[in-house]
Amino acid sequence: MADHPRFGPAGIPLAFDILKRPVEDVPEYLRSEGLDAFEYQAVRWGPKPQMKKENAENLGIKAKEYDVRLSVHGSYFINFCGDALTVEASKKRLISCITAADWMGAHEVVFHPGFYTKSHEDDLQRCVKAMDDVVKFMKSCGIVGVSLAPETAGKVFQLGSLDETLTLCEKVELTKPTIDWSHLYARERGKLKTVEDFRRVINEVEKRLGADAVKELHCHYTRVEFGRVGERRHHTMDETEYGPDFEPLAILIAELGLNSVILSESPILDIDSQKMQDIVFREISKRKGSKP
Ligand SMILES: [Zn+2]
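First, a word on scope: everything that follows refers to the structure included in this document. (Residues numbered from 1 in each chain as written. Predicted model: local features only at pLDDT ≥ 70, side-chain atom pairs only at ≥ 80, totals over all residues. Heavy atoms only, no water.)

1. Comments concerning the packing of helix H5 (residues 120-140) against helix H6 (residues 162-171)
Thought 1: Two numbers describe how H5 lies on H6: the axes approach to 10 Å, and their chain directions differ by 40 degrees. As summarised for this structure, H5 and H6 are arranged oblique, according to the angle between their axes. Seen from above, H5 lies across H6 with right-handed handedness. When H5 is examined against H6, the residues His120, Leu124, Gln125, Cys127, Val128, Met131 and Asp132 are found in contact with a partner set consisting of Glu164, Thr167, Leu168 and Lys171.
Thought 2: Classifying every residue of the contact of H5 with H6 gives 5 nonpolar, 3 polar and 3 charged. (Axes fitted to C-alpha atoms, helices over the stretch in contact; angles between N-to-C directions. Helix = DSSP H or I, 4+ residues; strand = E, 2+ residues; numbered from the N terminus. Parallel < 35°, antiparallel > 145°, perpendicular 65-115°, else oblique. Left-handed = near helix turned anticlockwise from the far one by under 90°. Contact = heavy atoms within 4.5 Å. Nonpolar A, V, L, I, M, F, W, Y, C, P; charged D, E, K, R; others polar.)

Quick look at the structure:
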């Protein structure tokens, strides 16, 4: 689907928000900025979609018209590691996001699977079980075009190391990873620096999930500040005192010919999407220029 690297904001652009136009107009706005991906934020949703079906469908129609690829960021209030009641409520929240994603024709629902309790291994098994139940529900309603996309987590008390995220994808159908590079960086306390550091992550995804999983990798990126337990706050591309650097990822996207979807979670969202796009396109044209 993603036939080239795509860039866009994880959330409504700040300048668009001021215009007070309906969300259906976001794709046209992003296209005018040269962007082609959008992650709709359903991060505070409860057990019912908090958007009308008609509006979701219109957003999907406009996204197709302007060739903007859609995904949804699911509820923050999901915890598949909690007690039985919490897990059931979490399933409902995830399903409400999936339902709206299906209305929109969005490709992924990104979410954080949960918070560790005593045993990381038990927690992981509980996430697999809950996600299996959600997939069963999706199949029973004929929803097969939306992927569950657990995200690598930025705090050390959240389930979502690279290994755990890939395990969920290996074990649960209709699941693919969201690689949040900033979260990996914060969780590992700044270890993601060189092209080879980024390559190790991409190689691991390929080894465990296959070449297709890498080709259209769903990514989040922003510069991030971290403390003892991980992610603290997001920063803009220009605040270069914070990592991770974007260039190593851009170099790899160009070298490997990846069609990654890169969503900006920077405080200035789309403005930084344009910067990332410029950096990747520059790397791609450098490589073209260097071919004999
Ligand atoms: Zn993220």
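Moving on, there is more to tell.
2. Regarding the environment of glutamine 158
Thought 1: Relative to the helices and strands, glutamine 158 is located in strand S7 (residues 158-159).
Thought 2: By relative accessible area, which is 10% here, glutamine 158 ends up buried.
Thought 3: The sequence separation of glutamine 158 and aspartate 83 amounts to 75 residues, and the corresponding C-alpha distance is 16 Å.
Thought 4: Among residues more than four places away in sequence, those in contact with glutamine 158 are His112, Gly114, Phe115, Tyr116, Ala153 and Arg187.
Thought 5: A distance of 3.5 Å separates a polar atom in the side chain of glutamine 158 from the backbone nitrogen of glycine 154. (Buried < 20%, exposed > 50% of the residue type's maximum accessible area, 1.4 Å probe, protein only. Polar contact = N/O pair within 3.5 Å; in protein donor to acceptor, adjacent residues only side chain to side chain.)

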